[in-house]
Amino acid sequence: MILNKRKLPTHLKLGYLALGLILLLLVGYWWEWRHWVALAYEQKAPHWFQSLVQTIYPRFGVEKQRFPLDFFLQKADQVMLRFALVGVGTIIFLSLRQFQSSFGKKVRHYWDGSTSRLNVSWHLRGFAGLMLLFTWDWYFYLKNLEQARVFYAPIFPYRLLQLPFPAPHWLLVFCGVFWLANLAMLAKIKVFWSSTLSVFFFILLQGYMYCFHKLDHTYATLTYVALLVPILAWYYEKSRRQGCSQAAAWPWRMMQILIALVYFQAGLEKLLIGGLEWLNPQNFRAYLYMHPTTLGAWLSQSDFWCVVLPLGALVTQLGFISIIFYPRLKWLFIPLGIAFHLSTYLLLGIGWYYSPWMLVYLFLVDWTPTQQKNNPK
């Protein structure tokens, strides 16, 4: 008797292959490579592994002067654990998509959907506006860094390409082209090419700042959004050439997913590293003492607030991912996110009254007029 065997689709085969590789990586890490982290700490690891650590973690040489070996072993364990979680999550997603028809239809509807060209236009102009708002002083900041050229330590890929720190006149050229590209986006002039130039110089100039032994996550979500802006602009121009009122929505959807994932991963990190100890009032009180502010000093006297505030932060970060599955929840999490960042500034002095983290919420909103949503052409 011949049995009809259902062949696995290619994406599931690749998923299972990726899971197998992750399992091999985990076994190899716990069997042998975890010991290499200790050797790297003592400058005794194989040369290729020492170079790999330095490439992935450029500040390793500096930070190990501040922290003991256990700190780095814990970080390495966290990386491996996250690899495992990503692999398992990917397999669950691919399996549900393949074997649950209703789930598969929802996924296809989500990615194959369209949005109004007007909505895309507002997002592109909003991005250009954010670029001008947050980078207008970058030339002066980078020009001042030129005085500390001796501390310039190129990160990857600047080190690979052997890029020197630019002279002041080149900085002016880079910033000038960057600003003109954003103005062109606002004026809807060659939107794809102007957005590509804008994103290129945004990442290039930001990278030069990070070549001075300081990594900053101020622009994290905005940078993830930026990587998809040229793709969104390409679909916008395609729609405009064809005279369509609709454009592909998947780059915009991906922006929302990336924003939500950043918050989710930040909350997950708190749970994986600190566990429920994160809610111990003494822990939050210690943060308030390390970053003294008037409001923080007052709240540090209350165990109640030292539990409720970190709990609220954790719920906000972990819950942010829900806006992908239930879009209406964004009207709950946008105010929560703004409150979270404002409280971070008021309690710890980190950030400002507005920041890229808050204004990037513009990309979570559909700016299509209600009438056009109800009557798409």
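This structure is a prediction, so every number in the text was calculated from the model and none was measured.

A.B. asks: Where do I start with the confidence of the model for the chain in this structure?
C.D. replies: Atomic detail in the predicted coordinates should be set aside for any region of low pLDDT. Averaged over all residues, the pLDDT of the chain is 88; the fraction at 70 or higher stands at 95%. Ranking the elements of the chain by mean pLDDT puts helix 19 (residues 370-374) last with 69 and helix 9 (residues 168-186) first with 97.

A.B. asks: What exactly am I supposed to notice about the nonpolar core here?
C.D. replies: Residues Leu-124, Phe-127, Leu-222 and Phe-320 are the most contacted members of the largest nonpolar core, which totals 62 residues. Aside from chain neighbours lying at most four places away, what touches Phe-320 is Ile-259, Ala-260, Tyr-263, Phe-333, Gly-337, Tyr-361 and Leu-364. The next biggest cluster of nonpolar side chains, apart from the first, holds 16 residues, and it includes Tyr-29, Ala-45, Phe-72 and Ala-84.

A.B. asks: What's the story with the environment of Trp-305 in this structure? I'm lost.
C.D. replies: As for its placement among the helices and strands, Trp-305 is situated in helix 15 (residues 303-319). Its relative accessible area of 36% is what places Trp-305 among the partly exposed residues. When near neighbours in sequence (up to four residues on either side) are disregarded, Trp-305 contacts Phe-284, Leu-299 and Pro-310.

A.B. asks: So what exactly am I meant to see when it comes to the packing of aromatic side chains here?
C.D. replies: Aromatic ring pairs are reported here in terms of the distance separating the ring centres and the angle at which the planes meet. In total, this model carries 36 aromatic pairs according to the counting rule given. Here the aromatic rings of Tyr-41 and Phe-72 are separated by 5.8 Å at their centres, their planes lie at 45°, and the arrangement is tilted. Of this pair, Tyr-41 sits in helix 1 (residues 10-41) while Phe-72 sits in helix 4 (residues 69-99), and the two are 31 residues apart along the sequence. Looking at Phe-72, the relative accessible area reads 4%, which means it is buried. Aromatic pair Trp-234 and Tyr-235: ring centres 5.0 Å apart, planes at 85°, arrangement edge-to-face. Taken together, the aromatic side chains of Tyr-41, Phe-60, Phe-67, Phe-71 and Phe-72 make up a single cluster linked through ring pairs. Arg-125 extends its terminal NZ or CZ atom over the ring of Trp-122, reaching a point 4.4 Å from the ring centre. Above the ring of Tyr-110, the side-chain terminus of Arg-253 is found at 5.1 Å from the ring centroid.

So, how was this worked out
- Residues numbered from 1 in each chain as written.
- Predicted model: local features only at pLDDT ≥ 70, side-chain atom pairs only at ≥ 80, totals over all residues.
- Heavy atoms only, no water.
- pLDDT = per-residue confidence, 0-100.
- Helix = DSSP H or I, 4+ residues; strand = E, 2+ residues; numbered from the N terminus.
- Core = buried A, V, L, I, M, F, W, Y, C linked by side-chain atoms within 4.5 Å.
- Buried < 20%, exposed > 50% of the residue type's maximum accessible area, 1.4 Å probe, protein only.
- Contact = heavy atoms within 4.5 Å.
- Phe/Tyr/Trp six-rings, centres within 6.5 Å; stacked < 30°, edge-to-face > 60°.
- Lys NZ or Arg CZ within 6 Å of the ring centre and 35° of its normal.

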